[in-house]
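Secondary and tertiary structure notes
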There are 2 protein chains.
Amino acid sequence: MSRIAYVNGQYRDTREASVNIEDRGYQFADGVYEVCEIRGEKIVDLPRHLTRLQRSLGELQIAMPMPLNSLEVVIHEVVRRNRVTYGIVYLQVTRGVARRDHFFPIHTVRPALVVTARSLNFEKNQKTAASGIGVITIPENRWPRVDIKSIALLPNVLAKQQARDSGAYEAWFVDAEGHVTEGASSNAWIVTSDGKVVTRSADRGILAGITRSVLTDVIASLQMTFEERPFTPEEAYGAAEAFVTAASQIVMPVVSIDKHLIGNGAPGPVAQRLREQFHKFSAFS
Amino acid sequence: MSRIAYVNGQYRDTREASVNIEDRGYQFADGVYEVCEIRGEKIVDLPRHLTRLQRSLGELQIAMPMPLNSLEVVIHEVVRRNRVTYGIVYLQVTRGVARRDHFFPIHTVRPALVVTARSLNFEKNQKTAASGIGVITIPENRWPRVDIKSIALLPNVLAKQQARDSGAYEAWFVDAEGHVTEGASSNAWIVTSDGKVVTRSADRGILAGITRSVLTDVIASLQMTFEERPFTPEEAYGAAEAFVTAASQIVMPVVSIDKHLIGNGAPGPVAQRLREQFHKFSAFS
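Because the structure is a prediction, the values reported are computed rather than measured. (Residues numbered from 1 in each chain as written. Chains lettered and ligands numbered in written order. Predicted model: local features only at pLDDT ≥ 70, side-chain atom pairs only at ≥ 80, totals over all residues. Heavy atoms only, no water.)

1. Brief notes about the overall build of chain A
Going by this rule: Helix numbers and strand numbers start at the N terminus; a helix is a DSSP run of H or I with at least 4 residues, a strand a run of E with at least 2. Only protein chains enter the accessibility calculation, which uses a 1.4 Å probe. A residue is then buried if its area is under 20% of the maximum for its type, exposed if over 50%, and partly exposed in between. Shrake-Rupley sampling with a 1.4 Å probe provides the accessible areas, and residues are treated as covered by the protein chains on show and by no other component. In this charge count, Lys and Arg are treated as positive and Asp and Glu as negative; neither His nor the chain ends contribute. A single reference atom marks each charge: NZ on Lys, CZ on Arg, CG on Asp, CD on Glu.
Looking only at helices and strands, one finds eight helices and 16 strands in chain A. For the C-alpha atoms alone, the extent of chain A along its principal axes is close to 55 × 40 × 35 Å. The buried share of chain A, taken over its 285 residues, is 59%. Surface summary for chain A: the accessible area is close to 11500 Å², and the carbon and sulfur share equals 49%. Charge separation in chain A, taken as the distance between the mean sites of 33 positive and 31 negative side-chain charges, equals 6 Å.

Okay, structure coming up:
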């Protein structure tokens, strides 16, 4: 089945779906995006994703491309037309089309909106979670405004590729103070030997992950101890467990960091339990 | 007259010229670009721009979209079809179209190529140069790989807009050591009270500007003293002159920095002379 995308007012076959070459997303990375999980044909935590989308747009002074309720209709329609029961929906908003010039366009331009959806292989992802992933650490080299979920993702692309070239799946950035900030496409977590679940505060240096945020509710409800603080790669090497969170992966166990095996080198019980329990605390729409 | 763009093998009306929504330039800023001046229907310093293009692509492991001589033919054809006698030609190469995933595509994809050209208003630019521009300084907040001329330009866009919002035209980034790196879309220069022409080394923290590089030849030929070293905003406030260089502006005098008037607040003789002499040292093709 061919995939369907929503692009600026039209539902198109993805292969034929296009944007103008002077869309500022293409020439300047002048836009933002969101990725939501789809599960049982429902969208997971959509309101929180849309709240973050509005914040990102606000930081860049880009208007919402349409009213929020219309946007929700479009997102659901794209999921429906692609018949996705398990997968992801992707939405991207850019400042729109204007003659190339770094400055914001003087005349009001209409923000561009693209929405796509696709199925993921549930069994394959469960299998990956059952074996866990490898992580490398690399020096933080992104700009400080990573709190904006912008499409200026070239540093993330290079970090992910470096991970793959090293036989790993994710790269964790390490800041000038020697602390892990976050993954190239996920948030970074460890579990200490006394069972504390640790991740960095979303105040500074990282994106406020939606899966991260829901997971703090899960942790509280399961009466686990949560510690919001930075940690070093060295602490992570010696942690009982490690994992990453992202909408497309929920809770994904990490079994090696810079080739150091974490715990006994297999997914740990805390990560597995959080992964199992996660959707009891998600909003479905 | 409608403008013509080259896009992946076709010459199209720019309004109809489009790229797929899954072009990695649109979703990841995974691409690079060049801008060359057009003067007297000729392209200024094209070989140096193409050498830099190849370097940028190499750093990102993106293949050239076509052989170099074919690319030159396309560039000239876009200039010709747009009947530009004075203006700029813009070229952009991205990694190509692939299903969205941070990692480089496993299967070889064809890099995407877009070339556009447009006229600039010569008299207007001369007038701007005759009055000079204002600059603000802001903290450096771009990633360290600014030596790659990538389309991940969101920080530059925000810096330029901040300049405009302050009544200026350009923003100079200042690094953690308190030194000016470069402008959001230009290289930064000052002239000291004893006539030395100063700009930062292109070794680190800046893009190796083509106009910058040609200008060092001009300076040598005019037997001016050239000093390649960093300078602070404070030194610039007290400089005899300041200016910026970029393909679209050649040598553009700066008459204020952070609202401090430079020299007597009018374009200085060194900047004016360098601007006049520049094209005697350029290659035209």
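2. Observations regarding the packing of aromatic side chains
All names here are of chain A. Cut-off, in case you're wondering: Within 6.5 Å between ring centres, the rings of Phe, Tyr and Trp (the latter by its six-membered ring) count as paired, and their orientation is classed by plane angle as stacked under 30 degrees, edge-to-face over 60, tilted in between.
The full count for this structure, using the stated rule, is 14 aromatic pairs over all chains. Considering the side-chain rings of Trp172 and Phe231, the 5.9 Å spacing of their centres and the 65° angle between planes classify their relative orientation as edge-to-face. Of this pair, Trp172 sits in strand 9 (residues 170-174) while Phe231 sits in the loop between strand 13 (226-228) and helix 7 (233-237), and the two are 59 residues apart along the sequence. The pair Trp172 / Phe231 is uniform in exposure class, with both members buried.

3. Thoughts on unusual backbone geometry
Residue and element names in this part refer to chain A. The residue Arg83 is not glycine, and still its phi comes out positive at about 50°. As for its placement among the helices and strands, Arg83 is situated in the loop between helix 3 (68-81) and strand 6 (86-94). Using a relative accessible area of 67% as the deciding quantity, one classes Arg83 as exposed. The phi dihedral of Lys259 falls on the positive side, at around 70°, and the residue is not glycine. If you trace the backbone, Lys259 turns up in the loop between strand 15 (250-257) and strand 16 (260-261). For Lys259, a relative accessible area of 69% corresponds to the exposed category.

4. With respect to the relation of the copies chain A and chain B
Quick note on the threshold: Least-squares superposition of the copies uses the C-alpha atoms of those residues scoring a pLDDT of at least 70 in each of them. Two residues qualify as a contact provided that any one of their heavy atoms is within 4.5 Å of a heavy atom in the partner residue.
Once chain A is rotated about the relating axis by 180° and shifted along it by 0.0 Å, it coincides with chain B to within an RMSD of 0.0 Å. What the superposition gives is, in effect, a two-fold axis relating one chain to the other. A high fraction, 100%, of the interface residues of chain A reappear at the interface in chain B, so the copies pair face to face through one surface.

5. What about the packing of helix 2 (residues 46-59) of chain B against helix 3 (residues 68-81) of chain B?
All names here are of chain B. Short version of the rule: Here, axes are lines fitted to C-alpha atoms. For helices the fit covers the stretch in contact, and angles between N-to-C directions go from 0 to 180 degrees. Note on terminology: angles under 35 degrees are roughly parallel, angles over 145 are roughly antiparallel, angles of 65 to 115 are roughly perpendicular, and the others are oblique. In this scheme, a crossing is called left-handed if the near helix is turned counterclockwise away from the far one by less than a right angle; it is called right-handed if the turn is clockwise. Only Asp, Glu, Lys and Arg are considered charged in this grouping, and only Ala, Val, Leu, Ile, Met, Phe, Trp, Tyr, Cys and Pro are considered nonpolar; every other residue, Gly among them, is considered polar.
Two numbers describe how helix 2 lies on helix 3: the axes approach to 12 Å, and their chain directions differ by 125°. Taken together, the axes of helix 2 and helix 3 lie oblique to each other. Seen along the crossing, helix 2 lies across helix 3 with a hand that is right-handed. Counted together, Leu46, Leu50, Leu53 and Gln54 of helix 2 and Leu68, Leu71, Glu72, Ile75 and His76 of helix 3 form the full contact between these two elements. Across the contact of helix 2 with helix 3, the residue classes break down as six nonpolar, two polar and one charged.

6. Some details on the packing of helix 2 (residues 46-59) of chain A against helix 6 (residues 210-221) of chain A
All names here are of chain A. Close contact between helix 2 and helix 6 brings their axes to 10 Å; oriented N to C, the two are set at 130°. Between helix 2 and helix 6, the interaxial angle falls into the category oblique. The way helix 2 lies across helix 6 gives a crossing that is right-handed. Residues Arg48, His49 and Arg52 of helix 2 touch helix 6, and the partners they reach there are Ile210, Ser213, Val214 and Asp217. Split into classes, the residues belonging to the contact of helix 2 with helix 6 amount to two nonpolar, two polar and three charged.

7. Quick notes on the interface of chain A and chain B
As a reminder, the rule being used: Once two parts are put together, the accessible area they lose, assessed with a 1.4 Å probe and summed over both, is termed the buried area. By convention in these notes, a salt bridge is any Lys or Arg side-chain nitrogen within 4 Å of a carboxyl oxygen on Asp or Glu. Residues adjacent in sequence count toward polar contacts only when both atoms are side-chain atoms; beyond that, a polar contact is any pair of N or O atoms within 3.5 Å, and within protein one must be able to donate a hydrogen and the other to accept it.
Contacts between the two partners involve 55 residues from chain A, matched on the other side by 55 residues from chain B. Of the roughly 5000 Å² buried where chain A meets chain B, counting both sides, 63% is carbon and sulfur surface. The largest per-residue losses of area from chain A upon contact with chain B belong to Ile21, Tyr26 and Phe103 of chain A, which jointly make up 17% of the total buried on that side. Across the contact surface, chain A and chain B share two salt bridges. Note that Glu22 of chain B and Arg3 of chain A form a salt bridge whose closest N and O atoms lie 3.1 Å from each other. On inspection of chain A and its partner chain B, the count reaches 26 residue pairs in polar contact (both at pLDDT 80 or more). For the side of chain A that touches chain B, the secondary structure elements donating two or more residues are strand 1 (4-7), strand 3 (18-20), helix 1 (24-28), strand 4 (31-39), strand 6, strand 7 (112-119) and helix 5 (154-165) of chain A. With eight residues, the top contributor of residues to the side of chain A that touches chain B is helix 5 of chain A.

8. Some remarks on the environment of Leu71 of chain A
All names here are of chain A. Looking at the element boundaries, Leu71 is found in helix 3. For the pair Leu71 and Leu91, spaced 20 residues apart in sequence, the C-alpha to C-alpha distance is 9.8 Å. Setting aside its immediate chain neighbours within four residues, Leu71 contacts Leu50, Leu53, Met64, Met66, Leu91 and Leu113.

9. Side note on helix 4 (residues 122-131) of chain B
Near the N-terminus of helix 4 of chain B, the side chain that reaches the backbone nitrogen of Glu123 of chain B, with its oxygen 3.2 Å away, is that of Asn121 of chain B. In the segment just after helix 4 of chain B, Gly132 of chain B is the residue with positive phi, at about 85°.

10. What about the pairing of strand 2 (residues 10-13) of chain A?
Residue and element names in this part refer to chain A. We count it as follows: When DSSP finds two or more bridges between a pair of strands, those strands are recorded as paired.
In the sheet, strand 1 pairs with strand 2 via four bridges, with the strands oriented antiparallel. The residue of strand 2 that forms the bridge with Ala5 is Arg12. Counting the residues between successive antiparallel strands, the hairpin from strand 1 to strand 2 contains two residues, one of them, Asn8, with a positive phi of roughly 45°.

11. Some details on the domain arrangement of chain A
Residues and elements named next belong to chain A. Inclusion rule: Source of the domain bounds: an automatic or database domain assignment.
The domain architecture assigned to chain A consists of domain 1 (4-120) and domain 2 (125-281). On a C-alpha basis, the centres of domain 1 and domain 2 stand 26 Å from each other. Between domain 1 and domain 2 lies a buried interface of about 1900 Å² when both sides are counted; carbon and sulfur atoms form 58% of it. The largest per-residue losses of area from domain 1 upon contact with domain 2 belong to Tyr33, Arg48 and Arg52, which jointly make up 34% of the total buried on that side. The interface formed by domain 1 and domain 2 includes three salt bridges. Of the charged contacts in the structure, one is a salt bridge between Asp147 and Arg55, with a shortest N-O distance of 2.9 Å. Joining domain 1 to domain 2, the criterion identifies eleven residue pairs in polar contact (both at pLDDT 80 or more).

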